[in-house]
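Spelled out, the chains give:
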2 protein chains.
Amino acid sequence: MKIMIMGAGALGSLIGGLLHLSGFEVILVGRPPHISEIERRGLKISGKMNVTLKIPTSLTPVESDLTILTVKSYDTRSAAKALREFDSPVLSLQNGIGNEETLMEELGGERVIGGVTSYGALRVEPGHVKYTGEGEIVIGEMNGKITERIMMISEIFTRAKMNVRISEDIKMEIWKKAIVNCGINPLTAIAGVKNGVLLEISSLRKLLREVCEEAKRIAEALGITFDEDPVERTFEVAKRTSENFSSMLQDVLNGRRTEIDAINGEIVRTAHSIGAQAPINEALYRLVKVLEGENGRT
Amino acid sequence: MKIMIMGAGALGSLIGGLLHLSGFEVILVGRPPHISEIERRGLKISGKMNVTLKIPTSLTPVESDLTILTVKSYDTRSAAKALREFDSPVLSLQNGIGNEETLMEELGGERVIGGVTSYGALRVEPGHVKYTGEGEIVIGEMNGKITERIMMISEIFTRAKMNVRISEDIKMEIWKKAIVNCGINPLTAIAGVKNGVLLEISSLRKLLREVCEEAKRIAEALGITFDEDPVERTFEVAKRTSENFSSMLQDVLNGRRTEIDAINGEIVRTAHSIGAQAPINEALYRLVKVLEGENGRT
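Residues numbered from 1 in each chain as written. Chains lettered and ligands numbered in written order. Predicted model: local features only at pLDDT ≥ 70, side-chain atom pairs only at ≥ 80, totals over all residues. Heavy atoms only, no water.

**Describing the sheet that holds strand β8 (residues 112-117) of chain A**
The strands making up a sheet associate through backbone hydrogen bonding, with each pair oriented either parallel or antiparallel. Residue and element names in this part refer to chain A. In space, the 8 strands of this open sheet follow the order β5-β2-β1-β6-β7-β8-β11-β12, with mixed pairing throughout. Either end of the sheet is taken by a strand with one partner, and the two such strands are β5 (57-58) and β12 (164-166). Judged from the 5 bridges that link them, β8 and strand β11 (residues 137-141) form a sheet pairing that is antiparallel. Directly across from G114, in β11, lies its bridge partner G140. Here helix α1 (residues 10-21) sits on the sheet in contact with β1 (2-6), β2 (25-29), β6 (66-69) and β8, set at roughly 165° to β2. The strands touched by helix α5 (residues 148-159) within the sheet are β1, β6, β7 (90-92), β8, β11 and β12, with β11 carrying the most contacts at an inclination of about 165°. (Pairing = 2+ DSSP bridges. Helix = DSSP H or I, 4+ residues; strand = E, 2+ residues; numbered from the N terminus. Contact = heavy atoms within 4.5 Å. Axes fitted to C-alpha atoms, helices over the stretch in contact; angles between N-to-C directions.)

Written out as structure tokens, the structure is:
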């Protein structure tokens, strides 16, 4: 069983490392300098564990039995194109809305498996990631069926002692995570605060609720039925991760591109596609675009 | 010389108090409970001075030789209508863009005099305002002329030991203040921070610059020529007032209506009126509308 991690950044490297540790054949595909440092000195994981692992790497994709896709959402299409010459099923464990749809466009509906994860990992330096928090991996066929391959993939994560769950409504899970992210990510990035501050300042708390409520209304208009209130869930996540700096805030502070397009941007586009508006998501989208260095015009 | 302060809140009461102290006949027009407390126990001014002044009050406008208008911008039209039956010149010392135009629509061009002020006052409790900072009053005829009445008004403030300056381009002065406000006010309200924090957090500092640059471009497209860079001025004001909580943040925290319509809202409307866009101002406008309790739809 050969597992390729396509997009071995912080999260992909952590997942690859955990799978490698439990005996799976893993190959990490990513970019220098991270990938070249892993090739040279091994993958160092600190935080909740301290190990250095010799894991094979590659700068381009290879044949495998399963591809776990952890590239940033703005790289989904180019990654998908690079995977066209292979046959492996592709499990997306990315952020944002629309990744699975892009993958299906490029690779056909059969190969694509949906997923979300709340495992936490941070870049420390090239070749070194920090395992910041245990989470959950939720996977599911896009058509909701419980297939043999989805059970097999679930078993892979179970063997690696990771928390995994099969969902019969993975689209809902993806939206649930996107709703958490559409509130916590841009607001922490704009205000320059830790997640927990969103609950402490009344203006931020109110904006957090309003932007998530707006996204929830769009999801419901699309026909998604939530198994728990995604807005309440957002508040729970903000509380549980109160000391964390969101990925979007880190991206902004480090001058990197954020995933705002696949989160708030995709919510706005989805709203427009059904003749609705998402003005609060759009406002946050524009402001984060300003912070990214674009001019905020869409 | 009878001077009516129309809209005696914190700033109007302070100005009325300073004029009264130097011997002018002043009448404060405003609303209970502030006005009724002044009627009962006098106007208390603390902060940079500590006095209690017996000043006549009224709940409705009266005949006067000069009206100083300090109502909130969203009350300009109704105040103007209430002033139609009188003849006095009306000096606006309000926040935001468009107040003078509204006054001219209701009262005719002759009566209206433009102005801005950076004097600082806060409500403490009904009947009691705090004089938080000396500033400047800039006044000017809307047509730029140096008239007898503008010199007379200048002399009134000079006698009251206030810093006053006559401008031959009061529209530019109003825009310059609006540009400071369009950045500092909504960003502090959204992020829930003191003015100085806008300079400390890189994302906020960048947004401050971008929103002010955008407003400056709109003003310049309107034909306004600035005598100093309004963006740099905004940064200086944020630095000088670093320990202050902006009026908009105070409004939001106290569940009061803000002046966002006359500031960022008016910049957006002005942009649209000349076929341009002001997306960053619009984004901040929407977010503050959310904080005000509207749904952010414009």
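Still to come is the rest of the account.
**Focus: the nonpolar core**
With 92 residues, the main nonpolar core has W175(A) and W175(B) as its most contacted residues. Core analysis: the second largest hydrophobic core is formed by 34 residues, I55(B), I68(B), I150(B) and A160(B) among them. (Core = buried A, V, L, I, M, F, W, Y, C linked by side-chain atoms within 4.5 Å. Buried < 20%, exposed > 50% of the residue type's maximum accessible area, 1.4 Å probe, protein only.)

**Quick notes on helix α12 (residues 279-292) of chain A**
Here α12(A) contains 14 residues, and its C-alpha end-to-end distance of 20 Å stays within 8% of the 20 Å for a straight helix at 1.5 Å per residue. Taken from the residues just after α12(A), G293(A) is the one with a positive phi, measuring 105°. (Expected span 1.5 Å × (residues − 1).)

**Section: the side chain of Q94(A)**
All names here are of chain A. By the secondary structure assignment, Q94 is in the loop between β7 and α4 (99-107). A polar contact of 3.0 Å, which involves the side chain of Q94, links it to the backbone oxygen of V71. Within the structure, Q94 has its side chain in polar contact with the side chain of T76 (distance 2.9 Å). Among all residues touching Q94, those that are not within four sequence positions of it are L69, T70, V71, K72, S73, T76, N99, L103 and G115. (Polar contact = N/O pair within 3.5 Å; in protein donor to acceptor, adjacent residues only side chain to side chain.)

**What to know about the domain arrangement of chain A**
All names here are of chain A. Splitting chain A by domain gives domain 1 (2-168) and domain 2 (171-294). One C-alpha centre belongs to domain 1, the other to domain 2; they are set 24 Å apart. The interface of domain 1 with domain 2 comprises 17 residues on the first partner and 17 residues on the second. Between domain 1 and domain 2, a total of about 1700 Å² is buried, with carbon and sulfur atoms accounting for 56% of that surface. It is Y74, N95 and I97 in domain 1 that bury the most area against domain 2; as a group they hold 41% of the surface buried on that side. Here domain 1 is connected to domain 2 by 1 salt bridge. Between R165 and E173 there is a salt bridge, and its shortest N-O distance comes to 3.2 Å. Scanning the region where domain 1 abuts domain 2 turns up 7 residue pairs in polar contact (both at pLDDT 80 or more). (Domains from an automatic or database assignment. Buried area = accessible area lost by both parts, 1.4 Å probe. Salt bridge = Lys/Arg side-chain N within 4 Å of Asp/Glu carboxyl O.)

**What to know about the packing of aromatic side chains**
All names here are of chain A. Summed over the entire model, instances satisfying the criterion amount to 2 aromatic pairs over all chains. Between Y119 and Y131, the ring centres sit 6.3 Å apart and the planes meet at 35°, which makes this aromatic pair tilted. Of this pair, Y119 sits in the loop between β8 and β9 (120-125) while Y131 is found in strand β10 (residues 128-133), placing the two residues 12 residues apart along the sequence. The lysine or arginine in question, R209, covers the ring of F235, its NZ or CZ lying 4.4 Å from the ring centre. (Phe/Tyr/Trp six-rings, centres within 6.5 Å; stacked < 30°, edge-to-face > 60°. Lys NZ or Arg CZ within 6 Å of the ring centre and 35° of its normal.)

**A word on the relation of the copies chain A and chain B**
Under the fitted operation, chain A is carried onto chain B by 0.0 Å of movement along the axis and a turn of 180°, and the coordinates agree to an RMSD of 0.0 Å. Look at the turn and shift together and you get a two-fold axis relating the two. Closest to the rotation axis within chain A is the C-alpha of A283(A), separated from it by 2.0 Å. The fraction of interface residues of chain A whose copies in chain B are also interface residues reaches 100%, indicating that both copies meet through the same surface. (Least-squares fit on C-alpha atoms with pLDDT ≥ 70 in both.)

**Some thoughts on the environment of I45(B)**
All names here are of chain B. Mapped onto the fold, I45 is located in strand β3 (residues 43-47). Put simply, I45 and H128 are 83 residues apart on the chain and 5.9 Å apart in space, counted from C-alpha to C-alpha. With residues near it in sequence (within four places) discarded, I45 still touches L14, G17, N50, V51, L53, V129 and Y131.

**Describing the interface of chain A and chain B**
In this complex, chain A contributes 29 residues to the contact, which on the side of chain B involves 30 residues. In total, chain A and chain B occlude about 2400 Å² of area from one another, counting both sides; carbon and sulfur atoms represent 65% of this. Counting across the chain A and chain B interface gives 2 salt bridges. A salt bridge links R286(A) to E282(B); its shortest N-O distance comes to 3.9 Å. Sort the elements by how many residues they give to the side of chain A that touches chain B and α12(A) lands first, with 10 residues. Its residues placed into classes, the side of chain A that touches chain B shows 15 nonpolar, 7 polar and 7 charged. (Nonpolar A, V, L, I, M, F, W, Y, C, P; charged D, E, K, R; others polar.)

**Some remarks on unusual backbone geometry**
All names here are of chain A. P33 follows P32 through a cis peptide bond whose omega is 0°. Within the secondary structure, P33 sits in the loop between β2 and α2 (34-41). In the Ramachandran plot, K161 falls in the positive-phi region, its phi being about 60° despite a non-glycine side chain. Within the element layout of this structure, K161 appears in the loop between α5 and β12.

**As for the packing of helix α8 (residues 202-221) of chain A against helix α9 (residues 230-240) of chain A**
Residues and elements named next belong to chain A. Close contact between α8 and α9 brings their axes to 9 Å; oriented N to C, the two are set at 140°. Of the possible angle classes, the one that applies to α8 and α9 is oblique. Crossing geometry of α8 relative to α9 is assigned as right-handed. Residues R205, L208, R209, C212, E213 and K216 of α8 form the contact with α9, whose participating residues are P230, V231, E232, T234 and F235. For the contact of α8 with α9, a count of residues per class yields 5 nonpolar, 1 polar and 5 charged. (Parallel < 35°, antiparallel > 145°, perpendicular 65-115°, else oblique. Left-handed = near helix turned anticlockwise from the far one by under 90°.)

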